[in-house]
Amino acid sequence: MTLDTRVILICSGKGGVGKTTLTANLGISLASKGSPTAVLDADFGLRNLDLLLGLENRIVYTAQEVLEEACRLDQALVKHKQEPNLSLLPAGNPRMLDWLKPEDMKKIIEMLSKEFKYVLIDCPAGVEDGFKNAVAASKEAIIVTNPEVSAVRDADRVIGLLNTHGIKPVQLVLNRVRPKMMETQEMLSIEDVTDILALPLLGLVLEDEQVIVSTNRGEPLTLIGSKSPAARCYSNIAGRLHGEEIPLIDPSKEGTSFRDKFRRLMQTKIF
Amino acid sequence: MNSFNSKKNQIILSQSFKKNWQKQFELDIKGNKYSQLEIFLGKWKLTCNDINYIINYCKRLNKTISNVFSSEPESIISASNLGLNTSLILEKNTRIERDLNIENSSNSKKAEVSIIFHQGTLHAGEIIEVESDILLIGDVNPGAIVRATGNIMIWGRLLGIAHAGKEGNHESKITALQLRPVQLRIADKIAKGPKEKPEEGLAEEAQIQGDVIVIKPARTR
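My aim in this report is to walk through the structure given alongside it, one point at a time.

**Focus on the layout of surface pockets**
The gaps left among the atoms become clear once a water-sized probe is rolled over them.
Piece 1. Within this model, the second largest pocket holds a volume of roughly 900 Å³.
Piece 2. Lining the second largest pocket we find 23 residues, and of these Ile-196 of chain A together with Pro-142, Leu-159, Arg-180 and Lys-197 of chain B sit closest to its centre.
Piece 3. Listed by contribution, the elements that provide at least two residues to the lining of the second largest pocket are helix 7 (149–164) and helix 9 (190–197) of chain A.
Piece 4. Of the residues contributing to the lining of the second largest pocket, the split by class is 11 nonpolar, two polar and 10 charged.

Shown next, in the form of structure tokens:
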């Protein structure tokens, strides 16, 4: 059986803009649409995709053992209990960085491609070895950035590097958008960012406190069927990636309807 | 299959063996006694992966690459991303000789007035350096640098750093459809970019007037 596997790199350049959170949520959303999906943590030095998915305590083998042929791939893959279409391939230990080569990464991805429709690679921050390893095996990429000058600058650098590696298409996700600050022009606007980066916008993710809560619990927002703004944004992005046509949300209209106001009121009372 | 050059420490990738260039390349390197190599990529568009392959192969044979020459900006950017010294060289068909009066190019190539075209946006961290004029079709993003010994013309926005007349030509100009650089340099003069937004739809040019760099609406001569 040949699957037309899509190997998607999720990268940003700058750290802390939301790569891992996006990977976890996209993984869950895509899996819930029925496609077998694998998420690969390429951040060997500082791995935490397993934490976000709440799978830390179920890891037995890692990519390292698979490469050393100490175990089979299916032994290392951790299947998500609530979303059986989603599997995580955990990264090895930080020492692995020294000997991991782009060829090793290609080998892992090749193995995953035989079984999954989507392979999402959570890329480490920076543009050094970890990034180069991750890039070597990817076919397309999603760049995550925040509406901040430094994040946009780093994203631009990464776009240049992706171009020289011949990765296409590269799409953009603008994370942590605060509609109010954009309106008052205290924050870079969507146009400011897309103007410089010149990438097709795959989606916006609104700033949302629920993301922090779900991260700490190890339950991605899209898994628990949350109706919070960020959860909607994530599933929209997954839908677009899947080929559905979903219009972009208009941040200026977010949070102004009566229902949203009421929900916010309820949340502030509870937490 | 004539891929050797007269100078012995040079490796040239010729146009003829596109399919398995790696094999030919390996043969060339193996047959080369020198430990420092200069590699000519010609018009080849190589990605980082290709160049990484070249670097690794040289490493295995304990050879170092002193410089990479190419007429293809993409290959140059790939190679410089991997930390190699690079130089953009001119191929005959990418060169437009403006001054037809030059008779017999006996006086070396430097005497020719030439221009290099580069198509595509320059992203942060990318540097393009040429020994001529340059016409860049695309933007120069913040964090990117363009340097030229002659004039710089940008059919797009200049948001990064441009250095015209880098070897001291005070007559050089920097022209762009939108001139909002971080920094402008002409010869040995340096200026910060303008803060205020420029008028839209007006190309602007920067040149040295008296002792300072001045920005004015561009004019045809």
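There's plenty left to go through after this.
**Here we look at the interface of chain B and chain A**
Interfaces are frequently sized by the accessible area removed from exposure as the parts join.
Piece 1. Taken together, the contact pairs 16 residues of chain B with 12 residues of chain A.
Piece 2. For the pair chain B and chain A, the interface holds one salt bridge.
Piece 3. Residue Arg-157 of chain B is joined to Asp-195 of chain A by a salt bridge in which the shortest nitrogen-to-oxygen separation is 2.6 Å.
Piece 4. Applying the counting criterion to the chain B and chain A interface returns eight residue pairs in polar contact (both at pLDDT 80 or more).

**Observations regarding unusual backbone geometry**
Residue and element names in this part refer to chain A.
Piece 1. Omega for the bond connecting Lys-168 with Pro-169 falls within 30 degrees of zero, at -5 degrees, which places this linkage in the cis form.
Piece 2. The topology assignment puts Pro-169 in the loop between helix 7 and strand 7 (170–177).
Piece 3. Even without a glycine there, the phi angle at Glu-69 is positive, about 60 degrees.
Piece 4. Within the secondary structure layout, Glu-69 lies in the loop between helix 3 (63–67) and helix 4 (73–76).
Piece 5. Of the residues examined, Glu-69 reaches a relative accessible area of 69% and is grouped as exposed.
Piece 6. Even without being a glycine, Arg-176 presents a positive backbone phi close to 55 degrees.
Piece 7. Examined against the element boundaries, Arg-176 turns out to sit in strand 7.

**Here we look at the nonpolar core**
Piece 1. One finds Leu-112, Ile-121, Ile-143 and Leu-162 of chain A to be the most contacted residues of the largest nonpolar core, which totals 87 residues.
Piece 2. Ignoring anything within four residues of it in the chain, the contact list for Leu-112 of chain A reads Ala-38, Leu-40, Leu-73, Leu-77, Leu-89 and Val-119 of chain A.
Piece 3. One finds Leu-136, Val-140, Ala-144 and Ile-174 of chain B within the second-largest nonpolar core, a separate group that totals 27 residues.

**Notes on the sheet that holds strand 8 (residues 201–206) of chain A**
Residue and element names in this part refer to chain A.
Piece 1. In space, the eight strands of this open sheet follow the order 3-4-2-5-1-6-7-8, with mixed pairing throughout. Each edge of the open sheet is held by one strand with a lone partner, namely strand 3 (78–79) and strand 8.
Piece 2. Here helix 1 (residues 19–32) sits on the sheet and contacts strand 1 (6–11), strand 2 (37–41), strand 4 (86–89), strand 5 (118–122), strand 6 (140–145) and strand 7; the angle it forms with strand 5, its principal contact strand, is near 170 degrees.
Piece 3. Helix 7 rests against strand 1, strand 6 and strand 7 of the sheet, and its axis sits at about 165 degrees to strand 6.

**Let's talk about the sheet that holds strand 3 (residues 64–70) of chain B**
All names here are of chain B.
Piece 1. Across the sheet, which stays open at both edges, the four strands sit in the order 1-2-3-4 with parallel pairing between neighbours. Each having just a single partner strand, strand 1 (10–12) and strand 4 (86–88) make up the two edges of the open sheet. The mean angle between the axes of side-by-side strands here comes to 20 degrees, regardless of whether they run parallel or antiparallel.
Piece 2. In the sheet, strand 2 (residues 36–40) pairs with strand 3 via five bridges, with the strands oriented parallel. Residue pairing in the sheet places Leu-37 in a bridge with Ile-65 of strand 3.

**Observations concerning the pairing of strand 11 (residues 174–179) of chain B**
Put simply, side chains in a regular strand alternate between the two faces of the sheet.
All names here are of chain B.
Piece 1. Where strand 9 (residues 152–158) and strand 11 come together, five bridges link them in parallel fashion. Counterpart to Arg-157 in the pairing with strand 11 is Gln-178.
Piece 2. One ladder, built from three bridges, connects strand 11 with strand 14 (residues 204–209); its direction is antiparallel. Its bridge partner lying in strand 14, Ile-174 is registered against Ala-206.

Rules used throughout
- Residues numbered from 1 in each chain as written.
- Chains lettered and ligands numbered in written order.
- Predicted model: local features only at pLDDT ≥ 70, side-chain atom pairs only at ≥ 80, totals over all residues.
- Heavy atoms only, no water.
- 1 Å grid on protein atoms, 1.4 Å probe; cavity = no way out; pocket = protein on both sides within 12 Å on 5 of 7 lines; lining within 4 Å.
- Points joined across faces, edges and corners; volume = space filled by probe spheres on them.
- Helix = DSSP H or I, 4+ residues; strand = E, 2+ residues; numbered from the N terminus.
- Nonpolar A, V, L, I, M, F, W, Y, C, P; charged D, E, K, R; others polar.
- Contact = heavy atoms within 4.5 Å.
- Salt bridge = Lys/Arg side-chain N within 4 Å of Asp/Glu carboxyl O.
- Polar contact = N/O pair within 3.5 Å; in protein donor to acceptor, adjacent residues only side chain to side chain.
- Buried < 20%, exposed > 50% of the residue type's maximum accessible area, 1.4 Å probe, protein only.
- Core = buried A, V, L, I, M, F, W, Y, C linked by side-chain atoms within 4.5 Å.
- Pairing = 2+ DSSP bridges.
- Axes fitted to C-alpha atoms, helices over the stretch in contact; angles between N-to-C directions.

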